[in-house]
Amino acid sequence: MKYEFHRGATTRQAAANINNVFGIQVATNATVARWLKKFRSRDFDLSIEPCGRLKTQVDNDILKATVEANCSQSTRQTYEPPEHCPKRDIHQKKLMVTVWWSDSAVIHHSFMEPGQSITANVYCYQLDEMMRNLAKIS
């Protein structure tokens, strides 16, 4: 979306361009409008605020006291969901490569560090690198 912002695309144009690239609807007009508004205010911070449920902690002493105080409670009434526990990294030997190409040649490629994810920052950095490489080719 940062690329589309720098091109001067409207919200609808940017959403259509992004969806045409991926072949599926990955960007809605509302999402694109929110990002373009942020960029127009000169806020180019691409970090995503954490969201979701707060971590819960169970104090066994409090739980025991609660159950002993009213032993007619069901386990469902005293249950608190456990903290999210991510799966172990079982794919340590895999390597991810991102490739940008045109109809005539590969423009840019890069190998991701093991465990690194494609984030908005990484994506925008790669777009910038690809645009620099494309300018050299032209």
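Scroll up a little and you will see the structure.
Before going into details, it helps to say that this report is about the structure given with it. Bear in mind the structure is a predicted one, so any value in this text is a computation, not a measurement. (Residues numbered from 1 in each chain as written. Predicted model: local features only at pLDDT ≥ 70, side-chain atom pairs only at ≥ 80, totals over all residues. Heavy atoms only, no water.)

1. Observations concerning helix H3 (residues 29–40)
The periodicity of an α-helix, 3.6 residues per turn, causes residues three or four positions apart to be oriented the same way.
Reasoning step 1: With 12 residues, H3 should reach 16 Å at 1.5 Å per residue; the first-to-last C-alpha distance of 16 Å fits that figure.
Reasoning step 2: Regarding H3, the residues found buried are Val32, Leu36, Lys38 and Phe39. Viewed end-on, H3 has its buried residues packed into an arc of 155°, placing them on one side of the element. Summarising the geometry of H3, the exposed residues directed more than 90 degrees from the buried face are Ala30, Arg34 and Lys37.
Reasoning step 3: Considering only its buried residues, H3 is in contact with helix H1 (2–7) and helix H2 (11–22).
Reasoning step 4: Two residues or fewer past H3, Arg42 is found with a positive phi of approximately 65°. (Helix = DSSP H or I, 4+ residues; strand = E, 2+ residues; numbered from the N terminus. Expected span 1.5 Å × (residues − 1). Buried < 20%, exposed > 50% of the residue type's maximum accessible area, 1.4 Å probe, protein only. Arc of directions from axis to C-beta. Contact = heavy atoms within 4.5 Å.)

2. Focus on the pairing of strand S1 (residues 97–101)
Reasoning step 1: The two faces of S1 differ: Thr98 and Trp100 on one face are buried, but Val97, Val99 and Trp101 on the other face are not.
Reasoning step 2: Relative to strand S2 (residues 106–111), S1 is paired through five bridges, and the arrangement is antiparallel. Each residue of the ladder has a partner; that of Trp101, found in S2, is Val106. (Pairing = 2+ DSSP bridges.)

3. A look at the packing of aromatic side chains
Reasoning step 1: Under the criterion given, the structure shown has five aromatic pairs.
Reasoning step 2: Each ring, one from Phe39 and one from Phe44, has its centre 5.5 Å from the other, and the planes form 15°; the classification is stacked.
Reasoning step 3: Note on Phe44: relative accessible area 29%, which makes it partly exposed.
Reasoning step 4: Ring geometry for Trp100 versus Tyr123: centroids 5.8 Å apart, planes at 45°, classification tilted. Remark: Tyr123 occurs in helix H6 (residues 120–137) and Trp100 occurs in strand S1; sequence separation between them is 23 residues. (Phe/Tyr/Trp six-rings, centres within 6.5 Å; stacked < 30°, edge-to-face > 60°.)

4. So, the side chain of Asn133
Reasoning step 1: Inspection of the secondary structure puts Asn133 in helix H6.
Reasoning step 2: Judged by its relative accessible area of 18%, Asn133 is buried.
Reasoning step 3: Those residues in contact with Asn133, other than ones at most four positions away along the chain, are Ile107 and His108.

5. A word on the pattern of salt bridges
When the charged atoms of two side chains lie near each other, side chains of opposite charge can form a pair.
Reasoning step 1: Within this structure, the stated rule accounts for two salt bridges.
Reasoning step 2: Glu4 is paired through a salt bridge with Arg7; the nearest N and O atoms lie 2.6 Å apart. With Glu4 and Arg7 both in helix H1, this residue pair falls three residues apart, about one helical turn.
Reasoning step 3: Overall, the relative accessible area of 47% leaves Arg7 in the partly exposed class.
Reasoning step 4: Residue Arg132 is joined to Glu129 by a salt bridge in which the shortest nitrogen-to-oxygen separation is 2.6 Å. You can see Arg132 and its partner Glu129 sitting in helix H6, three residues apart, about one turn around the helix. (Salt bridge = Lys/Arg side-chain N within 4 Å of Asp/Glu carboxyl O.)

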